[in-house]
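Observations on chain architecture
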Amino acid sequence: MTPVSRPWRPLASASANLVGSLFMIVAMGLFALEDGFIKLTAGTLPVGEVLLIFGGGGVLAFAGLARATGQTLADPLVLSRPMLVRFIFEFTGRLFYVLALALTPLSATTAILQATPIVVVMGAALVFSEKVGWRRWTAIGIGMVGVLIVLRPGVDSFSPLSILAVIGMLGFAGRDLASRAAPRGLGTNVLGFYGFLTIVVAGLAFALWEGKPLVVPTATSLAAFAAAISAGVLAYSSLMKAMRTGEVASVTPFRYTRLLFGVGLGILFFDERLDMAMIAGCGLIVAAGLFLLWRGQKRKAAA
């Protein structure tokens, strides 16, 4: 009797989920290191120059990766409307997030960034008419309360500069939403190339607006840039590996380890303090994000 052939499907075993989760943790740790090195360089160089050097390094790295994998950078799909919208949000997110890293505590900036998935779910409901029930709307509200607790408006410790991180987070959320509509024919290295090219454009625009003269980077600054670019490229690669190795539901929750790494770096290297309000706000943001992820996977399973 001839056996019935079945279509091949990748099997996400427990070991595959474990490996994928480890790759995700490594990626989040590297992203946190990237933030730390950028903050370090922003303390000695104009922000526009930081964006120009960091973005330029990333452009070269992803151009090399795209060439090595046979991906075409001059693809007409790059000029599609979703990619242009993605450019605008990437520009906003990168510029204001680097400004937040330069001018506000690393731990608070990282905490606010964790609200990105929450805003993405809210945006999907408002922009793409994705069905979001009352449970997920409640979780979105709780996550936003967590952001407000981290910001602490109306108290003496509130800094208006914290709004920079919020604008950056909204920019990244818009970028992620635009990426959903981006042409599927564009590879990840091509998206990475144009993402870093956007950083260069943001740096040039801010440098012209700020009007500060460029400074010759010291050997220490150049080493920090090299470390930030290397960490960013390795983090991106580890993230892609994580998402392709384990199940999304098993791997994605480990994105929130970036908060632990960011807060830890802020305390150890930038002399930042973590109080109960920050802990409570971070807890609400993470809890809301994990609940939204769980509900989203449950809805897919039921569909």
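The rules we used
Residues numbered from 1 in each chain as written. Predicted model: local features only at pLDDT ≥ 70, side-chain atom pairs only at ≥ 80, totals over all residues. Heavy atoms only, no water. UniProt positions renumbered as here; feature names shortened; annotations may be inferred. Helix = DSSP H or I, 4+ residues; strand = E, 2+ residues; numbered from the N terminus. Salt bridge = Lys/Arg side-chain N within 4 Å of Asp/Glu carboxyl O. Buried < 20%, exposed > 50% of the residue type's maximum accessible area, 1.4 Å probe, protein only. Phe/Tyr/Trp six-rings, centres within 6.5 Å; stacked < 30°, edge-to-face > 60°. Lys NZ or Arg CZ within 6 Å of the ring centre and 35° of its normal. Patch = residues over 30% accessible without salt bridge, like charges linked within 9 Å, V, L, I, M, F, W, Y side chains within 5 Å. Areas by Shrake-Rupley, 256 points an atom, 1.4 Å probe, with all protein chains shown as cover. Axes fitted to C-alpha atoms, helices over the stretch in contact; angles between N-to-C directions. Parallel < 35°, antiparallel > 145°, perpendicular 65-115°, else oblique. Left-handed = near helix turned anticlockwise from the far one by under 90°. Nonpolar A, V, L, I, M, F, W, Y, C, P; charged D, E, K, R; others polar. Core = buried A, V, L, I, M, F, W, Y, C linked by side-chain atoms within 4.5 Å. Contact = heavy atoms within 4.5 Å.

In the nomenclature of an unreviewed UniProt entry, the protein is known as DMT family transporter of Roseibium aestuarii. The protein has a UniProt comment under Sequence similarities (unreviewed entry) that states "Belongs to the drug/metabolite transporter (DMT) superfamily. 10 TMS drug/metabolite exporter (DME) (TC 2.A.7.3) family."

Our focus in this paragraph is the environment of alanine 235. When you line up the elements, alanine 235 lands in helix α9 (residues 219-245). Taking C-alpha positions, alanine 235 is 9.6 Å from isoleucine 25, a pair spaced 210 residues apart along the chain.

Before going further, it helps to examine the pattern of salt bridges. Per the counting criterion, the structure on display carries seven salt bridges. A salt bridge links arginine 258 to aspartate 35, with the shortest nitrogen-to-oxygen separation between them at 2.9 Å. Here arginine 258, found in helix α11 (residues 257-269), pairs with aspartate 35, found in helix α1 (residues 14-42); they are 223 residues apart in sequence, far enough to count as distant. Overall, arginine 258 belongs to the buried group, its relative accessible area being 12%. Given the relative accessible area of 2%, aspartate 35 is considered buried. Through salt bridges that share partners, Arg86, Glu90, Arg94, Arg175 and Asp176 make up one connected network.

Aromatic ring pairs are reported here in terms of the distance separating the ring centres and the angle at which the planes meet. What the rule picks out here adds up to eight aromatic pairs. With 5.4 Å between their ring centres and 55° between their planes, phenylalanine 54 and phenylalanine 196 make a pair best called tilted. Of the two residues, phenylalanine 54 sits in helix α2 (residues 47-68) while phenylalanine 196 sits in helix α8 (residues 188-210), which places them 142 residues apart along the sequence. Taking 5.6 Å as the distance between ring centres and 65° as the angle between the ring planes, the aromatic pair formed by tyrosine 97 and phenylalanine 172 counts as edge-to-face. Of this pair, tyrosine 97 sits in helix α3 (residues 81-103) while phenylalanine 172 sits in helix α7 (residues 163-181); the two residues are 75 residues apart in sequence, bridging distant segments of the chain. With a relative accessible area of 5%, tyrosine 97 lands in the buried category. What links up through ring pairs into an aromatic cluster is the set Phe54, Phe62, Phe196 and Tyr236. Taking NZ or CZ as reference, lysine 39 lies 5.7 Å from the ring centre of phenylalanine 270, over its face.

A separate point is a nonpolar patch on the surface. A contiguous nonpolar patch, built from Phe87, Ile88, Leu197 and Val201 and spanning about 310 Å² of accessible area, is present on the exposed surface. Mapped by element, the contributors of at least two residues to the nonpolar patch are α3 and α8.

In this numbering, the UniProt entry assigns the feature "transmembrane region" (unreviewed entry) to residues 12-33, 45-66, 137-155, 161-178, 190-209, 215-236 and 276-294. The straight-line gap between the two end C-alpha atoms of residues 161-178 is 27 Å; of that span, 89% is helix and 0% is strand. Secondary structure over residues 215-236 splits into 82% helix and 0% strand, and the C-alpha atoms at its two ends are 29 Å apart.

To continue, consider the packing of α2 against α8. Packing of α2 against α8 brings their axes to within 7 Å, and their N-to-C directions diverge by 160°. Between α2 and α8, the angle falls in the class roughly antiparallel. The way α2 lies across α8 gives a crossing that is left-handed. When the residues that make up the contact of α2 with α8 are grouped by side-chain class, the tally is 18 nonpolar, seven polar and one charged.

A separate point is the nonpolar core. Ile38, Val50, Phe54, Ile112 and Val150 are the most contacted members of the largest nonpolar core, which has 68 residues in total. Tallying contributions element by element places α8 first for this core, with eight residues. Ignoring any residue separated from it by four or fewer positions in sequence, one finds valine 150 in contact with Ala108, Ala111, Ile112, Met278, Gly281, Cys282 and Ile285. Counting residues in hydrophobic clusters, the runner-up holds 10 residues, among them Met24, Ala27, Ala231 and Val251.

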